[in-house]
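Take a look at the letters that make up each chain.
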Amino acid sequence: MGTLSSGVGLVSGLDYQSIVNQLIAIDARPRDLIVQRMGRIDAQRTAYLDISARIKAVLSNVAALRKPSTFRAASVTSSAENVLTATAGSNPVPGSYRFVVQSLASTHQSVSTGFTSRTAPLGGASFTIESAAARVNRPTRLDELNGFAGVPRGRITLEDRTGRTATVDLSGSLTLNEVVDAINAADVGIDASLADDGLRLTDTTTGTGALRIRDEAGGAIVAALGFDAANQATTANALNGRSLLTLSNRTPLSALRDGLGVRSGRTGADFVVNVDNVEFAVDLSGILKPDTRIARLNQGAGAQLGVVRITTRNEVATEVDLSGAQTISEVQQRLQTVPGLRVTVADNGLVVTDETVVDEDEEASAGLVIEDVSGFGARDLGIAGTSDAETAKITGRQIITNDTVGDVLAAINHAVGNEEQHVLAEIAPDGRRLQLTAAQGGVIALSADRPNALADIGFAEGRSTDRVFTGQRILGGANSVLLSTLNGGRGVSGTTLAIGAGATNFNVDIAGAETLGNVIDRIRAAATAAGANIEIGTNANGTALELRSLAPDAALTVGGDAAAGLGLSGTGALIRGANLQKRYVNENSLLADLNNGRGVSLGRMKIINSQGQSATLDLVSERPENLQDVIDAVAELGIGVRAQINANGDGLEIIDEAGGAGTLRISDENGTAGRDLNILGTASSVAGAPPRIDGSFEFRIQLGANGSLNDLAREIGETTIANAGILNDGSPFAPYRLSIASRTSGLAGALLIESDAASGVTFSTLTQARDARVVVGSDAATGLVLTSGSNTIENAVGGLTLELQSASDDPVTLDVDQNYETAITAMKALIDGLNGAVDQIKTVSSFNSETEARGSLLGESAPREAQRRLLNLFTRSIPNATGTIRRMSDLGFKLESGTKITLDETKFKEAYDANPEAVTAFFTAEDATGQYFDEQIKQITDPDGLIDRRTDTLESSKTSMQSRVDQINERLDRKRARLLRQFQNMEQTLSLLQGQQASLGSFGGGAPQIRR
């Protein structure tokens, strides 16, 4: 007989399934009670998680209160919003500030002559576009003068020999050219010009009095302009000022060699000095090392070492005598005699770390303290101060640099091995070069481990002829450049120019000339002496010399061994020189400065060499800062490709030396680094030379025979420094003009645009590149001048970012007022968050007597404890709070109805006005309120915090209950199975009996029926 599957007996008719369910349900009542309890635990855990999340959300509000900027927000109002507006930065200084907006920044824009059609062929014309950094007559700024001490602002008074006077306001002048122009525009018979790197004042009158120059600042302005006290008046017709271009210790290395700077190594020596068999190496890297001499620190000022007191975080004070220490290594060793102290070098400073072991049961309450007891060793070593208790580390300031001429002199004078001052490095008497002097006599010999560094400070390998080794000039001239930076940095060879002007012939000796200005002066002097009527100067773009005959029909001829180097070979009434190719890109050129200051976007380039090998130049991972970093990264690819600065010194060059039959190809894989470096494409091939890609930033555009204005605009737009478009001026004859605009605003974006004479295309400047100028103060004569390549000047003064709208002679007042709203908003957010958390705690812990509804956490102690701790933050004194502000109530916080926090804004404002620094410090200082709030809230919400511990307990209880439920379910399952088997057995028995009854009935078919 098969197994019964129905829940109703076929024989008995009983619904035994229901009977079993009812019996099991009776036995399951204890389990159901446990399940109900587990449901309540789930509700409790959910409620706790909700409370924890609400409290955690408050941490972001606490973080805002820990920021000083929250309490230093300010509003700025302008007296002339059409001229100047501003926004306050993170640390504004309230007050009134006055500015004069002298000019706005402008972007260079040029426009071509008109054409009848966009598509008409230009006859295979060629064009060049380049940065104005290629100019050989860059205007010299006043702040470069006098060893970068500059010139005071103000007014000067000129008097010619007739007694006529004029006051010249130089307060708005930033360059020597502007000074010359301002003097020449004055209503007085005096002309100003530049001569021998100084000013020359020439009296053009026939008066018999004195030519004078004076100022309103006691002579300080005219002295800074080169006219010292003994040279401010003369009865002659000219006053010649001294040279204004001189070196000083403060001269930045970036200004040397016409902005090319000094290329030093990063490891090892740059060059070696030998005198009287004493030899020492000079390291110009400016990297702090263990053997760095103490005298080398702080730009050669050294350190006044004495006794320092070191208090470690276990509050043990130790005094260390640093007196007499000669090197950084000695300082490290002495400091590390303090138990638990470790001294390392990082970022050209010392890092002092307190590794003192603090008792695990005690949290360090104090940080590392380093202070001077005698002398100023801690101060001069940059490590004076107090650390926080947690890190116990003092990261010292930078104490060695390689930024100025003073740094170079210090590196030589205080090199390891030159302790006895065998050689003294100093600025030469003419102020234009460096010199080395053997202190005890003897000949100085120089040898270079890295020739660049030695050459860049003006010296060459070799021996001096006496005890003084004088270097080459390393500072350019007034509105002029060094000859050594021309022709890509190869300089000018030859010493003679042979000039013919009609029937007059003369030679110009340029031997010993060091600047292009020297050469021009010598040509003029020689021409004057020979009676030749010529004019010499630079072309309109400032990239080449131009020699012009002023005599009718007097043709010029130029020859001599120096002519080619100066680009002046040729004949004609006007000799236009070739581009002098001033070098303005160097190995230490910053990528951020390339493309007229737009920089280079880091990315990945694929380089395929002539053998078909490929490699990825990953500048994203390399993170190069300058072109030397890129050159090094290319060398590391190992595929026979190298990089260098190109021959003209105006870009990077990639050279394939793999020797394959193919060609070098470069493409951008990710980003635009290749395009920004101008090295994309396929290499050019020259017979006998390896394939190369020249990334010159002198963009040369050669149109094909059918090239049109449209083609030219497209080609220019593909450069990294200019945009181009075509304008229609509406003319009925030649309306189409090419418009070229720099991609960079301000002077940094100035462009040099040239076209060949055959093209018939000429350009005129619509807008000159110009920096914005703003005077800080109401008087342009005494205020500080700010310049910017854009009309936005960040962190100008008082934490303000200026937005220039228009120029005006009238001062604009910016009133910076304390803006309480940021702080009050942050405080209200804190209050709302905490009140919301407390309200939720009250809700889940409540009991409604009318409905008898119970909160899920009714009777739980943890919510009440969390609420108590939160409210205590606003009612009790804050630990570590000092001064007059000790608790939140001092700032207007109140607890109402026992559970609601409010803020009295008026009281807060009064407290802030009374002592803004104290209020700010109350929230933001280390171990102050902000940190205390953060710690207390985390004690409630963090893992192993108050709520977490309670939810862990609940989870443990639920786990135990679930185990009991599982046991009961297992027992009930067994009982259900047993009852079902019993009912099934009963049915089988009944079925069997029924069958037997039927069988018995069949035996009595003929028998008499028994009647009852």
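Check the entry above for the structure.
Keep in mind the model is a prediction, meaning the values are calculated, not measured.

A count of helical and extended segments in the chain gives 22 helices and 52 strands. A compact globule built from 1012 residues would reach a C-alpha radius of gyration of about 31 Å, whereas the chain, at 44 Å, exceeds it by more than 25%. For the chain, the spread of C-alpha atoms along the principal axes amounts to about 175 × 80 × 70 Å. Relative to its full complement of 1012 residues, the chain shows a buried share of 46%. Relative to all contacts within the chain whose residues are 6 or more apart in sequence, the contacts with residues 24 or more apart total 64%. Entry remark: accessible area of the chain is about 47,000 Å², with carbon and sulfur atoms responsible for 47%. Looking at charge distribution, the chain has the averaged site of its 90 positive side-chain charges lying 8 Å from that of its 120 negative ones.

This part covers a nonpolar patch on the surface. A surface patch of nonpolar side chains, amounting to about 300 Å² of accessible area, comprises Leu-14, Ile-19, Leu-23 and Ile-26. Here Leu-23 shows up in helix H1 (residues 16-27).

By the element assignment, Arg-432 lies in the loop between strand E22 (423-427) and strand E23 (434-438). Within the structure, Arg-432 has its side chain in polar contact with the side chain of Asp-197 (distance 3.5 Å). What Arg-432 contacts, discounting residues up to four positions off in sequence, is Asp-196, Asp-197, Ser-243, Leu-245, Leu-247, Arg-473, Ile-474 and Leu-475.

Relative orientation of the contacting elements helix H2 (residues 29-65) and helix H21 (residues 929-941) amounts to 165°, with a least axis distance of 10 Å. With respect to their mutual orientation, H2 and H21 come out roughly antiparallel. For the pair H2 and H21, the sense of crossing is left-handed. Facing H2, whose interface residues are Ser-52, Ile-55, Lys-56, Val-58, Leu-59 and Val-62, H21 presents Gly-930, Phe-933, Asp-934, Ile-937, Lys-938, Ile-940 and Thr-941.

Along helix H5 (residues 176-184), the residues that are buried comprise Leu-176, Val-179, Val-180 and Ile-183. What you see down the axis of H5 is that its buried residues fit within an arc of 95°, all on one side. At its buried positions, H5 is contacted by helix H4 (145-148), strand E6 (155-159), strand E7 (165-169), strand E8 (190-195) and strand E9 (198-203).

So, on to the pairing of strand E27 (residues 496-501). Sheet topology note: the E27/strand E28 (residues 504-509) ladder contains six bridges and is antiparallel. Looking at E28, one finds that Thr-496 is bridged to Asp-509. What sits between the antiparallel neighbours E27 and E28 is a turn of two residues, in which Gly-502 has the positive phi angle 65°. Where E27 lies against strand E31 (residues 556-559), four bridges are found, and the strand directions are antiparallel. The residue of E31 that forms the bridge with Ala-501 is Leu-556.

This part covers the sheet that holds strand E36 (residues 641-645). Ordered by their spatial adjacency, three strands build an open sheet running E36-E37-E40, and the pairing between neighbours is antiparallel. In the strand order of this sheet, the two ends are held by E36 and strand E40 (692-696), each with one partner. Neighbour to neighbour, the strand axes of the sheet diverge by 15° on average, direction disregarded. In terms of strand pairing, E36 meets strand E37 (residues 651-656) through five bridges, oriented antiparallel. Note that in E37 the partner of Arg-642 across the bridge is Ile-655. Against the sheet, helix H14 (residues 627-635) contacts E36 and E37, and its axis sits at roughly 165° relative to E36.

Moving on: the nonpolar core. As a rule of thumb, soluble globular proteins bury nonpolar side chains together. Within the largest apolar cluster, 62 residues are counted, with the highest numbers of intra-cluster contacts made by Phe-71, Phe-874, Leu-891, Phe-893, Phe-908, Val-919 and Phe-923. Excluding residues that lie within four positions of it along the chain, Phe-874 makes contacts with Leu-830, Leu-834, Met-888, Ser-889, Phe-893, Ile-901 and Phe-933. Counting 60 residues, the second largest nonpolar core, distinct from the first, contains Ala-224, Val-273, Ile-412 and Ala-438.

Applying the stated criterion across every chain yields a total of 40 salt bridges. In this structure, the salt-bridge partner of Arg-432 is Asp-196, at a minimum N-O distance of 3.6 Å. Here Asp-196 lies in the loop between E8 and E9 and Arg-432 lies in the loop between E22 and E23, a separation of 236 residues in the sequence. Residue Arg-432 is classed as buried on the basis of its relative accessible area, which comes to 13%. Look at Asp-196 and you get partly exposed, because its relative accessible area is 47%. The network of salt bridges with common partners includes Arg-257, Arg-263, Asp-456, Arg-583 and Glu-587.

Below, the discussion takes up the packing of helix H17 (residues 821-844) against helix H18 (residues 861-875). Look at H17 against H18: their axes get within 10 Å of each other, and the N-to-C directions meet at 155°. When the axis of H17 is compared with that of H18, the two are roughly antiparallel. The handedness of the crossing between H17 and H18 is left-handed. Residue-level contacts link Leu-830, Leu-834, Val-838, Ile-841 and Lys-842 of H17 to Pro-863, Ala-866, Gln-867, Leu-870, Leu-871 and Phe-874 of H18. In the contact of H17 with H18, the residues fall into nine nonpolar, one polar and one charged.

The subject of this paragraph is the sheet that holds E28. Spatially, the four strands line up as an open sheet ordered E28-E27-E31-E32, and their pairing is antiparallel. Since the sheet does not close on itself, it has two edges, and those belong to E28 and strand E32 (570-572), each with one partner. Going across the sheet, the axis of each strand differs from the next one's by a mean of 15°, ignoring polarity. Contacting E27 and E28, helix H12 (residues 516-530) crosses the sheet at an angle of about 145° to E28.

With respect to the secondary-structure elements, Ser-387 resides in the loop between strand E20 (385-386) and strand E21 (393-395). Setting aside chain neighbours within four positions, we find Ser-387 in contact with Gly-367, Leu-368, Ala-392, Lys-393 and Ile-394.

Attention now moves to the packing of aromatic side chains. Scanning all chains against the criterion turns up seven aromatic pairs. Relative to Phe-893, the ring of Phe-874 has its centre 5.6 Å away and its plane inclined at 50°; by these criteria the two rings are tilted. Placement of Phe-874 in helix H18 and of Phe-893 in strand E51 (residues 893-896) is noted, with a sequence separation of 19 residues between them. By the burial criterion, Phe-874 is buried, and Phe-893 matches it.

What follows deals with the pairing of strand E49 (residues 800-804). Of all five residues in E49, four are buried, a share of seventy percent or more. Here strand E2 (residues 84-88) pairs with E49 via five bridges, running antiparallel. Counted as the bridge partner of Thr-87 is Thr-801 from E49. Here two bridges tie strand E48 (residues 792-793) to E49, and the two strands are oriented antiparallel to one another. Each bridged residue has a counterpart across the sheet, and for Thr-792 the counterpart in E49 is Glu-803.

Bringing the environment of Thr-616 into the picture now. With respect to the helices and strands, Thr-616 occurs in strand E35 (residues 614-618). Thr-616 sits in the partly exposed class, given a relative accessible area of 37%. Spatially, the C-alpha atoms of Thr-616 and Leu-516 are 43 Å apart, while their sequence positions differ by 100 residues. The contact partners of Thr-616, leaving out residues within four places of it in the chain, are Arg-604, Met-605, Leu-637 and Glu-669. Within the local environment of Thr-616, its side chain forms a polar contact with the side chain of Glu-669, the two groups lying 3.4 Å apart.

Moving on, we come to the environment of Gly-512. Looking at the secondary structure, you find Gly-512 in the loop between E28 and H12. Taking the C-alpha atoms as reference points, Gly-512 and Thr-495, 17 residues apart in sequence, are found 8.2 Å from one another.

Cut-offs and rules
- Per chain, the residues get numbers from 1 upward, laid out in the order the sequence is written.
- pLDDT decides what is reported in this predicted model: residues at 70 or higher carry local features, side-chain atom pairs at 80 or more are listed and counted, and totals for whole chains, interfaces and linings draw on all residues regardless.
- The side-chain figures draw on all heavy atoms in the structure; neither hydrogens nor water molecules are used.
- Note on conventions: DSSP H or I runs of at least 4 residues are helices, E runs of at least 2 residues are strands, and numbering of each starts at the N terminus.
- We compute the radius of gyration over the C-alpha atoms and compare it with the globule rule, which gives 2.2 Å times the number of residues raised to the power 0.38.
- Categorising residues by exposure relies on relative accessible area from a 1.4 Å probe, with only protein chains included: less than 20% of the type maximum marks a residue as buried, more than 50% marks it as exposed, and the intermediate range marks it as partly exposed.
- Residue contacts are defined here by distance: any two heavy atoms, one from each residue, within 4.5 Å place the two residues in contact.
- Note on areas: Shrake-Rupley, 1.4 Å probe, and residue coverage restricted to the protein chains presented here.
- We count Lys and Arg on the positive side and Asp and Glu on the negative side, and we leave His and both chain ends out.
- By convention, the charge on Lys lies at NZ, on Arg at CZ, on Asp at CG and on Glu at CD.
- Patch definition: residues above 30% relative accessible area lacking any salt bridge, with like charges linked at up to 9 Å and the nonpolar side chains Val, Leu, Ile, Met, Phe, Trp and Tyr linked at up to 5 Å.
- Here a salt bridge means any side-chain nitrogen of Lys or Arg lying within 4 Å of a carboxyl oxygen belonging to Asp or Glu.
- Definition of a polar contact: a pair of N or O atoms within 3.5 Å, with one able to donate and the other able to accept a hydrogen when the atoms are protein atoms, and with sequence-neighbouring residues admitted only if both atoms are side-chain atoms.
- In this analysis, axes come from line fits to C-alpha atoms, helices being fitted only over the stretch in contact, and the angle between any two N-to-C directions falls in the range 0 to 180 degrees.
- Any angle that is under 35 degrees is reported as roughly parallel, and any over 145 degrees as roughly antiparallel; angles of 65 to 115 degrees are reported as roughly perpendicular and all others as oblique.
- In this scheme, a crossing is called left-handed if the near helix is turned counterclockwise away from the far one by less than a right angle; it is called right-handed if the turn is clockwise.
- Note that the arc is computed from the directions linking the helix axis to the C-beta atoms.
- Any two strands between which DSSP finds at least two bridges are classified as paired.
- What is meant by a nonpolar core is a set of buried Ala, Val, Leu, Ile, Met, Phe, Trp, Tyr and Cys residues, joined one to another through side-chain atoms within 4.5 Å.
- The classification used treats Ala, Val, Leu, Ile, Met, Phe, Trp, Tyr, Cys and Pro as nonpolar, Asp, Glu, Lys and Arg as charged, and all other residues, Gly among them, as polar.
- Only centres within 6.5 Å qualify two rings of Phe, Tyr or Trp (six-membered ring in Trp) as a pair; their planes then separate them into stacked at under 30 degrees, edge-to-face at over 60, and tilted for everything else.

In short, geometric facts, not functional conclusions.
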